[in-house]
Amino acid sequence: MENESGALSRVVGLFSARGYNIESLSVAPTDDDSLSRLTLVTRGSEQIVEQILKQLNKLIEVVKVTDLSDFKHIEREMMLIKLEVRQADSVATIKQIADVFRAKVIDLSHKTFTIEVSGKGEKLDAFIEAMSEQNILEVVRSGCIGIARGNIALKA
Amino acid sequence: MELSGAKIFVESLKAEGVDTIFGYPGGAVLFLYDELDKAAGELNHILVRHEQGAVHAAEGYAKSTNKVGVAIVTSGPGATNAVTGIADAYMDSVPLVVFTGQVPRALIGNDAFQEVDIIGITRPCVKHNFLVKNIEDLAATIKKAFYIAGSGRPGPVLIDIPKDITDGKEKIAFDYPDTVDIRSYNPNVKGNPRQIRLAATALLESKTPILYTGGGVILSDGAEQLTELARLLNFPVTNTLMGLGGYPATDPLFVGMLGMHGTYEANMAMHKSDLVVAIGSRFDDRVTGNIEKFCPNAKIIHVDIDPASISKNVKVDIPIVGDVKQVLTDLLVELKQRDEKPDEEALAEWWRQINEWRKTDCLKYEQGEDVITAQYVIDKYWQLTNGEAYVCSDVGQHQMWAAQYYKFDEPLRWINSGGLGTMGFGLPAAMGVQLAHPDAEVACITGDGSIQMCIQELATCTQYQLPINIISLNNGYLGMVRQWQEFFYQKRYSMSYMDSLPDFVKLAEAYGHVGLQIKDPADVEGALKQAIDDKKRLYFLDFITNPEENVYPMIPAGAGQNEMILV
């Protein structure tokens, strides 16, 4: 969509006005300064999703819309998770689990561990599940972003 | 030549060919009004008495001409007063550009005096809105706004102008753009040829078809093409409330309005059809009744310029996205090329069935000697004006009777609030219509409830000497509410009785108009004639009508189109 103030508001407003749910949302400028890319995850029947696409296309600032689930695509989400270091050996345990998930330790104090994990939403869910025996202090997840595989590209 | 923001505003409007603008001044728009004063004669400003009136008047102007209506209001309460009118235009797809004043840029977001976030407030009920942040953007923004308002599916566009942009401290060269290019907005006007061919085949193969036509026919100026199509194929035609006048109502192919208060034959024909051809209509809930029961055996063709309207409520078999006039023109070419006709025997049988349904005479009414029936007043008015008046309506029972009994043969004559159903719309809209058509007979059909909502506009009518005829069907109730309370709430008339009605005759006279109260059915014709013949003065006709009259037919909530209450 056009990289203008109000554009994001309009998209979000559309969803709330029509009663569609936004599960996650991520927006940032693209390589073209005048355009921003918004990735949004929503759920609904085929008819509802079709309506959502049509309503989004009606918005003046929206340049192009695609439904990534129509193609083979890649999804990524990032998570920052802060854990409490309770005992000396939990450091090793946490580090081992993080390695298995190819996650990075980005902060360490004698009380806390902060880890950065990225991947599909399911991988992040699994990571939290794997850490469930530790004391999770804080979880921050970004919205999901996606891109189609192969030649298909979303361009203005 | 370098111009101030206010001068750019005026020059841009002139470049767009605007000659009339409706509005109400205030602090944030003082500089704009200063320039408007200097432009009087070329660009005429009509002063209303409430900002809601300004927007409704602009709507009346637009609805009766298909031009873009223009209104200007100040910031804060001026802007919020305009919201109802803007939402009304949004629901009925009326091309409108509304200018709102805004506090100076440095004060935005500071809870300043008369500041509201009108962009945020109107976002869900405009086609688009703009906040002008630099004087350099002003002309281009106005050009874009007019383009967006009048193209594709028309709609209201709001432009919020901070006061300091207009104050003349900054001046720039004025260059009104010739063209406008919005990469993300490109309405599809021409229908897909393959879809049109499929539609032509379906039309020729159908046995019990019906043309279900709506406001889109009027907005795209497609009445002529529709008339040609219907007559070529000999198909029955029905109109939605918004489509009245899109097909001549006195023509034998016309089976009446359909929907909640539509005719028996129109609703039955829809229900029993095998092909529903929706042209510029949107399968609104007032038309479909219970959607599960809607048109069970019909294939559906849908011609609409808005792709989001297609398959929104009802699954469509042959969608055609495009401008109605364009698509019908192409469809006619295709049909004439094929030189085939639909099954004549099947059609003859279909018409036999339709004429059988017509015998129900669902709109029959009785005018006795004691009390005036509203239907009689409308019927008489139609006769006396030869069906050629511009009829503006408020909302309620009177609106339904006006739609049922005034037979419109031409588009752009029936001016009402359909989608939002705004009481108070009638009088200001009539003002807009009269100003757009100074010599025409313009009526405002209203009720004792609706007329009180924007009654202050009687002063505007005096100031600009607008000889509108207000036909008030006074039954002492909020009629439509009372009807629902009678049918579904065991006659508990909660707050639907109009207590403390003013003496409308005295009220009209207080504003300098002619007021008449009519109680005797024998006086109805004379009063209407007097009002029609007097082209100089506004007549307020207060008809005292039967208090507990109901609008029939009616499709109650949850019922299918064939489950009408007839009497």
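Residues numbered from 1 in each chain as written. Chains lettered and ligands numbered in written order. Predicted model: local features only at pLDDT ≥ 70, side-chain atom pairs only at ≥ 80, totals over all residues.

Participant: Please give an account of the overall build of chain B that cites residues and values.
Facilitator: For chain B, the count of helices and strands is 21 helices and 20 strands. Relative to its length of 567 residues, chain B is compact, with a C-alpha radius of gyration of 24 Å against a globular reference of 24 Å. Its C-alpha atoms give chain B principal-axis dimensions of about 75 × 60 × 40 Å. Once local pairs closer than 6 in sequence are excluded, the contacts in chain B between residues at least 24 apart make up 77%. (Helix = DSSP H or I, 4+ residues; strand = E, 2+ residues; numbered from the N terminus. Rg over C-alpha atoms; globule rule 2.2 N^0.38 Å. Contact = placed C-beta atoms within 7 Å.)

Participant: Tell me about the overall build of chain A, and name the residues and values.
Facilitator: Summing up its helical and strand segments, chain A has four helices and seven strands in all. Reading the secondary structure of chain A in the N-to-C direction produces α-β-β-α-β-α-β-β-α-β-β. Whereas a compact globule of 156 residues would reach a radius of gyration of roughly 15 Å, chain A reaches 19 Å, over 25% beyond that. Principal-axis analysis of the C-alpha atoms places the extent of chain A at approximately 60 × 30 × 30 Å. Residue burial in chain A is summarised as follows: out of 156 residues, 15% are buried. (Buried ≥ 20, exposed ≤ 12 C-beta atoms within 10 Å, placed from the backbone.)

Participant: Could you give an account of the environment of Thr-373 of chain B, with specific residues and numbers?
Facilitator: All names here are of chain B. Following the sequence through the fold, Thr-373 ends up in the loop between helix H14 (344–358) and helix H15 (374–384). Under the C-beta neighbour-count criterion, Thr-373 is labelled buried, with 20 such atoms within 10 Å. Apart from the residues lying within four places of it in its own chain, the contact partners of Thr-373 are Tyr-365, Glu-366, Gln-367, Thr-545, Asn-546 and Glu-549.

Participant: Pulling in residues and values, what's your account of helix H1 (residues 7–18) of chain A?
Facilitator: Residue and element names in this part refer to chain A. Over its 12 residues, H1 runs 17 Å from end to end, which matches the ideal 16 Å to within 8%, given 1.5 Å per residue. By the burial criterion, the buried members of H1 are Ala-7, Arg-10 and Val-11. For H1, the angular spread of buried residues about the axis comes to 100°, placing them on one side. Summarising the contacts, the buried residues of H1 are in contact with strand S2 (36–41) and helix H2 (46–58). Positive backbone phi, at 80°, marks Gly-19, one or two positions downstream of H1. (Expected span 1.5 Å × (residues − 1). Arc of directions from axis to C-beta.)

Participant: Any chance you could break down the sheet that holds strand S13 (residues 299–304) of chain B for me, citing the residues and the numbers?
Facilitator: Residues and elements named next belong to chain B. Overall, parallel pairing links the six strands, which are arranged S11-S10-S9-S12-S13-S14 in an open sheet. The two strands at the open ends of the sheet, each matched to only one other strand, are strand S11 (254–257) and strand S14 (318–321). Averaged over all adjacent pairs, the angle separating strand axes in this sheet is 15°, with direction ignored. In this structure, S13 lies alongside S14, joined through four bridges in parallel fashion. The residue of S14 that forms the bridge with Ile-301 is Ile-318. Contacting strand S9 (209–213), strand S10 (237–239), S11 and strand S12 (275–279), helix H11 (residues 264–272) crosses the sheet at an angle of about 105° to S11. (Pairing = 2+ DSSP bridges. Axes fitted to C-alpha atoms, helices over the stretch in contact; angles between N-to-C directions.)

Participant: Residues and numbers for the interface of chain B and chain A, please.
Facilitator: With 12 residues of chain B in contact, the opposing surface of chain A contributes 15 residues. When the residues that make up the side of chain B that touches chain A are grouped by side-chain class, the tally is seven nonpolar, two polar and three charged. (Nonpolar A, V, L, I, M, F, W, Y, C, P; charged D, E, K, R; others polar.)

Participant: Lay out the packing of H15 of chain B against helix H16 (residues 397–405) of chain B with the relevant residues and their values.
Facilitator: Residues and elements named next belong to chain B. Packing of H15 against H16 leaves a shortest axis separation of 9 Å and a crossing angle of 45°. Put simply, H15 runs oblique to H16. Here H15 runs over H16; the crossing is right-handed. Of the residues in H16, those touching H15 at Ala-374, Gln-375, Ile-378, Asp-379 and Trp-382 are His-398, Trp-401, Ala-402 and Tyr-405. Class assignment for the residues of the contact of H15 with H16 results in six nonpolar, two polar and one charged. (Parallel < 35°, antiparallel > 145°, perpendicular 65-115°, else oblique. Left-handed = near helix turned anticlockwise from the far one by under 90°.)

Participant: Just give me the short version of the sheet that holds strand S15 (residues 390–393) of chain B, but keep the residues and values in it.
Facilitator: All names here are of chain B. Strands sit in the order S16-S15-S17-S18-S20-S19 across an open sheet of six strands; the sheet is parallel. Only two strands of the sheet have a single neighbouring strand rather than two, namely strand S16 (414–415) and strand S19 (514–518). Summarising the sheet, strand S18 (residues 469–474) and strand S20 (residues 539–544) pair through six bridges and their orientation is parallel. Paired with Asn-469 across the bridge in S20 is Tyr-539. Strands S15, strand S17 (442–447) and S18 of the sheet are contacted by H16, whose axis makes an angle of about 135° with S17.

Participant: Describe the domain arrangement of chain A, with residues and values.
Facilitator: Residue and element names in this part refer to chain A. When the domains of chain A are assigned, the result is domain 1 (7–65) and domain 2 (73–145). Each of domain 1 and domain 2 has a C-alpha centre, and these two points are 30 Å apart. At the junction of the two partners, domain 1 supplies five residues and domain 2 supplies four residues. Elements with a minimum of two residues in the side of domain 1 that touches domain 2: strand S1 (24–29) and S2. Looking at which element gives the most residues to the side of domain 1 that touches domain 2, the answer is S1, with three residues. Looking at the side of domain 1 that touches domain 2 residue by residue, the classes come out as two nonpolar, three polar and no charged. (Domains from an automatic or database assignment.)

Participant: Account for unusual backbone geometry, with residues named and values stated.
Facilitator: Omega for the peptide link from Tyr-552 of chain B to Pro-553 of chain B comes to -10°, which places this bond in the cis form. Within the secondary structure layout, Pro-553 of chain B lies in the segment after S20. At Arg-102 of chain A, a residue that is not glycine, the phi angle is positive and equals roughly 55°. Turning to its location among the elements, Arg-102 of chain A is positioned in the loop between helix H3 (90–100) and strand S4 (104–108). Take Arg-102 of chain A: there are 10 C-beta atoms within 10 Å of it, and that puts it in the exposed class.

Participant: Describe in detail the nonpolar core, supporting the description with residues and values.
Facilitator: Judged by nonpolar contacts, the single largest core of 180 residues is most densely connected at Ala-71 and Val-97 of chain B. Excluding anything up to four places from it in sequence, Ala-71 of chain B contacts Ile-21, Phe-22, Gly-23, Ala-54, Val-55, Ala-58, Ala-82, Leu-96 and Val-98 of chain B. Listed in part, the 12 residues of the second largest apolar core include Leu-83, Ala-103, Phe-113 and Met-131 of chain A. (Core = buried A, V, L, I, M, F, W, Y, C linked by C-beta atoms within 7 Å.)

Participant: I'd love a proper account of the domain arrangement of chain B, names of residues and values included.
Facilitator: One widely used convention gives an interface's size as the accessible area the parts lose upon coming together. Residues and elements named next belong to chain B. When its domains are assigned, chain B resolves into domain 1 (2–173), domain 2 (193–358) and domain 3 (374–544). In this assembly, six residues from domain 1 lie in contact with six residues from domain 2. A breakdown of the residues in the side of domain 1 that touches domain 2 according to their chemical character gives one nonpolar, three polar and two charged.

Participant: Mind laying out the pairing of strand S2 (residues 20–23) of chain B, listing which residues take part and the relevant values?
Facilitator: All names here are of chain B. Note that S2 and strand S3 (residues 44–47) share four bridges and pair parallel. Bridge assignment links Ile-21 to a residue of S3, and that residue is His-45. By the bridge criterion, two bridges tie S2 to strand S4 (residues 69–73) in an arrangement that is parallel. Of the residues in S4, the one forming a bridge with Phe-22 is Ala-71.

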